[in-house]
Amino acid sequence: MKKIEHLGIAVKNLEESNALFERLLGVAPYKKEKVVSERVVTSFFKNGPNKIELLASTDPNGPIAKFLKKKGEGIHHVAFEVEDIFAEIDRLKKEGFTILNEKPKKGADNKLVAFVHPKTANGVLVELCQEIRA
Ligand SMILES: CC[C@H](C(=O)O)C(=O)SCCNC(=O)CCNC(=O)[C@H](O)C(C)(C)COP(=O)(O)OP(=O)(O)OC[C@H]1O[C@@H](n2cnc3c(N)ncnc32)[C@H](O)[C@@H]1OP(=O)(O)O
Ligand SMILES: [Co+2]
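Residues numbered from 1 in each chain as written. Chains lettered and ligands numbered in written order. Predicted model: local features only at pLDDT ≥ 70, side-chain atom pairs only at ≥ 80, totals over all residues. Heavy atoms only, no water.

Peer 1: Explanation requested: the pattern of salt bridges in the structure shown.
Peer 2: Pairing between side chains of opposite charge can happen when the charged atoms of each approach one another. All told, the structure shown has 15 salt bridges when counted by the stated rule. The partner of Lys32 in a salt bridge is Glu15, and the shortest N-O contact between them spans 3.9 Å. Here the residue Lys32 occupies a position in strand E2 (residues 31–35), and Glu15 occupies one in helix H1 (residues 14–25), the gap between them amounting to 17 residues. The exposure class assigned to Lys32 is exposed, which follows from its relative accessible area of 51%. Here Glu102 and Lys93 are joined by a salt bridge, their closest N and O atoms 2.8 Å apart. We classify Glu102 as partly exposed; its relative accessible area is 46%. (Salt bridge = Lys/Arg side-chain N within 4 Å of Asp/Glu carboxyl O. Helix = DSSP H or I, 4+ residues; strand = E, 2+ residues; numbered from the N terminus. Buried < 20%, exposed > 50% of the residue type's maximum accessible area, 1.4 Å probe, protein only.)

Peer 1: Please clarify how the confidence of the model for the protein chain should be interpreted in this entry.
Peer 2: Low pLDDT means the predicted coordinates in that region are not meant to be read closely. Per-residue pLDDT for the protein chain has a mean of 96; in total, 100% of the residues score no lower than 70. Reported confidences for the modelled complex are a pTM of 0.96 and an ipTM of 0.97. (pLDDT = per-residue confidence, 0-100.)

Now the structure itself:
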């Protein structure tokens, strides 16, 4: 794994949170994207090397809605940049981590993504992100 690619934050209302994070970070979101497979709408902020992803639910039965119901708004996941997501999944499986989707899926921001179950990562939902190369 390389650097932290982004921090995912679950929010109830994306427009309200976009305005709050714009005040907080001093930058406007550079991208807004609907990720149908994850039943979320996201917005991305970049301030220097850091990237923040705000996620709001589009489905009351989706992962973000369930998280909000259970834990309320807050940090949802940490995403790491990986060079080769297939090799990283293999490595993590051998290390005993539970991978939630062994077949990487198309995520937001032009990435292939996979997730490590939080129950096998000290309570942290970890996302693996590989840039989709042309
Ligand atoms: C990919 C697009 C975008 C991107 O960056 O490109 C995204 O980041 S999309 C992000 C949204 N998608 C996902 O999160 C997909 C992976 N998540 C899942 O598969 C589920 O949310 C899962 C398995 C983590 C939890 O599923 P569910 O909520 O149905 O199960 P439980 O409520 O029973 O939770 C099991 C257990 O895990 C704890 N939990 C749940 N979510 C989190 C979390 N985000 N961080 C830490 N822990 C979490 C939950 O509290 C339960 O623990 P327990 O001790 O039993 O209460
Ligand atoms: Co993410």
